[in-house]
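Each chain, letter by letter, is given below.
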Amino acid sequence: MLSEEKLAVSNIERVDRLSKGIDRLSEGNIDAVLLDLGLPDSQGLGTFEKIHAAVKKVPIIILTAYKDDTLALEAVRRGAQDYLIKGKIDGSALVRALTYAIERKKLEETVEKGTLSLKKSEEKYHKLFDSIDEGFCIVEMVFDADSKPLDYYFLEVNAAFERQTGLLDAQGKMMRTLVPNHEELWFEIYGRIALTGQPIRFSSEAKALNRYYDVFAFPVGEEEIKKVGILFNDISERQILEKQLQDQERLAAIGATAGMVGHDIRNPLQSMIGELFLSRKELENLPESDAKKYLKESIQSIEDNAFYINKIVTDLQDFAKPLAASIEETNFKRIVDDVLATLKAPENVKVTYSLEPYFEKIMTDPSAMKRIITNLCSNAIQAMPKGGKLTLNAVLKDEEVFITVQDTGVGIADETKNKLFKPLFTTKSKGQGFGLAVVKKLTEALNGKVLVESEVGKGTRFILEFPILKANAPIHRARLRSQ
Ligand SMILES: Nc1ncnc2c1ncn2[C@@H]1O[C@H](COP(=O)(O)OP(=O)(O)OP(=O)(O)O)[C@@H](O)[C@H]1O
Ligand SMILES: [Mg+2]
């Protein structure tokens, strides 16, 4: 049949044994093999397997008798190009099968080469992907019907991703599942990139991850697919250093102005407070009326705010100026009484104190002591917005003095405990963050130290420890108590 199709097939060679066939194939220059599975030196599928193992590149067409149909099919499954049934084909079908087999084989090779180089470039890309220090991920956005971004999930993450985020096995997971309280802002930004196709560079804090990031995010692939590539770097440390530097600059500026402005503010402030005191007295003499009631309330509010300004100015001054303690005989009980009277704890805060009589005559710096107790008590009161107990104790023990100020308030989380005494650290909207910095500075100026014990939700105890504050009076162990 083939010799009749001379135009299509120029050179036909024929061997009668498998071994001879393999030998001939190894010499090369063969375009295709027509293979009978039943040969003198080999039978069945093995015939194909052997020749296929010897030369992968040449297409093989199985010639088979009708009854070997399933066998031939299996050979095709294992890599033969085609099979033809003896006696059921003509010349042109045979030539067509051969031509197709050769073309198909060529195509297969090209695809294989392509896949190989694709695989190589994919490996290269992955190596690069994993070798960078920056975190990198590709996410797919999920929107609601109004194109509002709902969530995103991680298609791919690189090796640095885990180190940069602290998130394990993120691939395939939704962001909101991994970090339920991640800020809205992140979803909005990535959603916008997916919708507009515009890349964005930005820095922002991720509170839930307790980190600060520098981010470059850009659209990936077709716009409709809504994928975003995110390249990011944890810059928390840099951010902390910058903040420290800013704080230092602020502190230096505060130090420079506090002394100067302090006096200018305090003098008029003192006279304001004096005038208020007198106005209140005058008011008492007037007959009861609504106007009197309102005026009294106004005076109270002006007074509260004046005291607040006074506290800020005093804290700033205490913090800024170098301190030389001036030690004198002091009635510590009177200091406590004064402080508590000035602070005016709200009704729902029950105040008690217990001082050993020894504290009626101690050698210390009264104004420093007053500032310390004021700041500790005002913090304690502020920590109990729903009310509670403020307890002050002063005891003499083993040649040392312990003064404790204890509240039953909100308590302090472990991670903030080491920042408490730093100037400018505050968790209050109206706080300056100077109170405890001043307490520490003054306590240390009196050769003492200050410690804190606290449990979130239960309360806080500040403990001041001083070397014995030499008393002239004999020490009585009986206690004085507040009523
Ligand atoms: N008794 C307390 N209970 C709970 N938290 C406290 C207590 N005392 C201090 N803190 C925490 O420590 C922070 C720092 O206190 P600090 O007195 O230095 O500043 P502040 O009270 O915030 O501001 P201010 O300068 O007005 O005193 C507070 O913001 C608060 O978070
Ligand atoms: Mg305070």
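Residues numbered from 1 in each chain as written. Chains lettered and ligands numbered in written order. Predicted model: local features only at pLDDT ≥ 70, side-chain atom pairs only at ≥ 80, totals over all residues.

### Digging into the site of ligand 1
Alright, step 1. The environment of ligand 1 is formed by 23 residues, the closest being Ala 383, Thr 426, Gly 431, Gln 432 and Gly 435.
Alright, step 2. When residues of the shell around ligand 1 are traced back to their parent elements, those giving at least two are helix H11 (366–382) and helix H13 (435–445).
Alright, step 3. Of the residues in the shell around ligand 1, the class split is nine nonpolar, eleven polar and three charged. (Near = placed C-beta within 6 Å. Helix = DSSP H or I, 4+ residues; strand = E, 2+ residues; numbered from the N terminus. Nonpolar A, V, L, I, M, F, W, Y, C, P; charged D, E, K, R; others polar.)

### Quick notes on the domain arrangement of the protein
Alright, step 1. Each domain of the protein was delimited in the assignment, giving domain 1 (3–127), domain 2 (132–234), domain 3 (239–318) and domain 4 (324–481).
Alright, step 2. The centre of domain 2, based on its C-alpha atoms, is set 48 Å off from the matching centre of domain 4. (Domains from an automatic or database assignment.)

### Here's the deal with the nonpolar core
Alright, step 1. Phe 332, Ile 372, Ile 373, Leu 376, Cys 377, Ala 380 and Val 439 are the most contacted members of the largest nonpolar core, which totals 37 residues.
Alright, step 2. Here this core gets eight residues from one element, more than from any other, and that element is H11.
Alright, step 3. Grouped together as the second largest cluster of nonpolar side chains are 22 residues, Tyr 152, Ala 160, Phe 161 and Tyr 213 included. (Core = buried A, V, L, I, M, F, W, Y, C linked by C-beta atoms within 7 Å. Buried ≥ 20, exposed ≤ 12 C-beta atoms within 10 Å, placed from the backbone.)

### Side note on the pairing of strand S1 (residues 33–36)
Alright, step 1. Residues Val 33 and Leu 35 of S1 are buried on one face, while the alternating residues Leu 34 and Asp 36, pointing to the opposite face, are not.
Alright, step 2. A crossover connection joins S1 to the parallel strand S2 (residues 60–64) through helix H2 (residues 45–54); in handedness this β-α-β unit is right-handed. (Right-handed = clockwise from strand over helix to strand, strands pointing away.)

### Describing the packing of H11 against H13
Alright, step 1. Between H11 and H13, whose axes approach to 9 Å, the crossing angle comes to 145 degrees. Handedness of the H11/H13 crossing: left-handed. In this structure, H11 uses Ala 368, Arg 371, Ile 372, Asn 375, Leu 376, Ser 378 and Asn 379 to contact H13, whose residues at the interface are Gly 435, Leu 436, Val 438, Val 439, Leu 442, Thr 443 and Ala 445.
Alright, step 2. In terms of residue class, the contact of H11 with H13 is made up of eight nonpolar, five polar and one charged. (Axes fitted to C-alpha atoms, helices over the stretch in contact; angles between N-to-C directions. Left-handed = near helix turned anticlockwise from the far one by under 90°. Contact = placed C-beta atoms within 7 Å.)

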